[in-house]
Amino acid sequence: SSGINAEWPLRPGWGQLSAIHTNNWVVIVDASRYWFNYRHVANALSIYYSVKRLGIPDSHIILMLSDDMACNPRNPTSAQIFNNRDRHVQIYPSDVEVDYRGSEVTVENFFRVLTDRIPEGTPRSKRLLSDENSNILVYLTGHGGDGFLKFQDTEEMNAVELVDVFQQMHEKKRYNELLFMIDTCQAGSMVLPIYSPNIIGVGSSTVGQDSLSHHGDHEIGVYVIDRWTYYTLEFLEKVQPNSKSKLEDLFRVFSTADIRSTPQYSNLKLFRNRRLSDVLITDFFGSVRQTVVFNQIPDEPVKNHTNSLESFSRKKVILESTEIFSDVDPFPF
């Protein structure tokens, strides 16, 4: 399906139980190197900036940047990167944590991260330590074509390989729900083959279309952001950690007149848990939780969070408050 259909019915047995997640992870990849691809680094850092602002810590973000634009000798704003000619937001802060950079950004390493087939001794900061309760955002940007994305101008990742890796993640129970976003030419060719359940795929352009830049900075001398990511960021800037904005709302800002391409979606019926109109933006871009505080410890574990009060109605279980907090690694070491 190439369009948004938020009204398709839930099938029998598909409910909200499996839609509940307990942790969020983000994988962000800039697959391009060289100064003239400055905008691709800015695309990736724009998403990084947004998810950090909305509460996802660096310990749950895998950031892969193919080139170091901040320290490039052509950069007139040394050690800084901007995604807008007005330069009102510096998206390369001093505390940025780049997990894979330069020659480390390869198709092999990207697939190893997703499947957790990591060499022994790899630090936790370079591992996607997700599980069956994880919601994962995967964002890719770079140069692509019909059925492939270039990495470093030296190799290609093809769509068949990518969707098979997603299937491996499903079989290994490495996600609860996964949102895959890709900003590249002919991006639709990378999302249409997706066949694994509970994945939403969206690309910036359909097969046969280019994905265009938005604007440049005359002093920097290159384009600083792509159109599709620009409008994604514009939407996310209005989102707060406790926002009720839905994923459907984000998809509706992808106007063909604005982005000058036609966004392409995977088969949304594969997303079995719920409708797009029920999916909060912060389910993927944030790390917000509602905490139910009980005044006593239940004798039995809560197996269905959505029915927790009903499950223990025979006990004196009282909803005392809701608390919003940022997801952190409970076992940091």
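The following paragraphs examine the structure supplied in this document.

Conventions used here
For every chain, the first residue of the written sequence is number 1, and numbering continues from 1 along that sequence. A pLDDT threshold of at least 70 governs which residues receive local features in this predicted model, and a stricter bar of 80 or more applies before side-chain atom pairs are shown or counted, although totals over entire chains, interfaces and linings include all residues. Think of the side-chain values as coming from all heavy atoms in the structure, minus any hydrogens and water. A pair of Phe, Tyr and Trp rings is counted when the ring centres sit within 6.5 Å of each other, with Trp represented by its six-membered ring. The angle between the planes then sorts it: under 30 degrees is stacked, over 60 is edge-to-face, the rest tilted. Among buried residues, the Ala, Val, Leu, Ile, Met, Phe, Trp, Tyr and Cys ones that are joined through side-chain atoms within 4.5 Å form a nonpolar core. A 1.4 Å probe rolled over the protein chains alone gives each residue an accessible area, and that area as a share of the maximum for its type sets the label: buried under 20%, exposed over 50%, partly exposed in between. In what follows, a contact means two residues having at least one pair of non-hydrogen atoms within 4.5 Å. A run of H or I in DSSP becomes a helix once it reaches four residues, and a run of E becomes a strand once it reaches two; helices and strands are each numbered from the N terminus. Asp and Glu count as negative and Lys and Arg as positive, but His and the ends of the chain are not part of the count. Salt bridges are identified by distance alone: a Lys or Arg side-chain nitrogen within 4 Å of an Asp or Glu carboxyl oxygen. Residues adjacent in sequence count toward polar contacts only when both atoms are side-chain atoms; beyond that, a polar contact is any pair of N or O atoms within 3.5 Å, and within protein one must be able to donate a hydrogen and the other to accept it. In this scheme, strands are said to pair when DSSP sees at least two bridges between them. Axes, fitted as lines to C-alpha atoms, cover a helix only where it is in contact. Angles between the N-to-C directions of the axes lie from 0 to 180 degrees.

1. Some remarks on the packing of aromatic side chains
A complete count under the given rule lists nine aromatic pairs for this structure. Measuring from ring centre to ring centre gives 5.1 Å for Y230 and Y231, while their planes differ by 85°; the resulting arrangement is edge-to-face. Here a set of aromatic residues connected by ring pairs shows up, and it is made of W228, F251, F254 and Y265.

2. As for the nonpolar core
One finds Y38, L45, I81, M181, F251 and F285 to be the most contacted residues of the largest nonpolar core, which totals 55 residues. Excluding its chain neighbours within four sequence positions, the residues that come into contact with I81 are Y38, V41, A42, L45, M69, A70, V89, Q90, I91 and Y92. Membership of the second largest hydrophobic core comes to 36 residues, among which are L114, A159, L178 and A187.

3. Let's talk about the side chain of D99
Take D99: it is sitting in the loop between β2 (61-65) and β3 (100-101). The side chain of D99 is buried and forms no salt bridge, while K126, the nearest opposite charge, is found at 7.6 Å. In this structure the side chain of D99 is engaged in a polar contact, spanning 2.9 Å, whose partner is the backbone nitrogen of L63. Setting aside anything within four residues of it in sequence, one finds D99 in contact with I61, I62, L63, E104, S125 and K126.

4. Overview of the sheet that holds β2
If you trace the seven strands from one edge of the open sheet to the other, you get β3-β2-β1-β4-β8-β9-β12, paired in mixed fashion. Looking along the sheet, the strands with just one partner apiece sit at the ends: β3 and β12 (264-265). Both β2 and β3 contribute to a ladder of two bridges, which runs parallel. Bridging across to β3, L65 finds its partner in R101. Contacts between helix α1 (residues 38-53) and the sheet are confined to β1 (23-30), β2, β4 (134-141) and β8 (177-183), with β4 contributing the most and set at about 160° to the helix. Lying over the sheet, helix α3 (residues 159-171) contacts β4, β8 and β9 (199-203), oriented at roughly 160° with respect to β8.

5. Re the sheet that holds strand β5 (residues 144-145)
One open sheet accounts for three strands, arranged β5-β6-β7; its pairing is antiparallel. The open sheet is flanked by β5 and β7 (155-158), the only strands paired with a single partner. Of the pairings in the sheet, the one linking strand β6 (residues 148-151) to β7 comprises four bridges and is antiparallel in character. Residue F151 lies in a different strand from β7, and its bridge partner there is E155.

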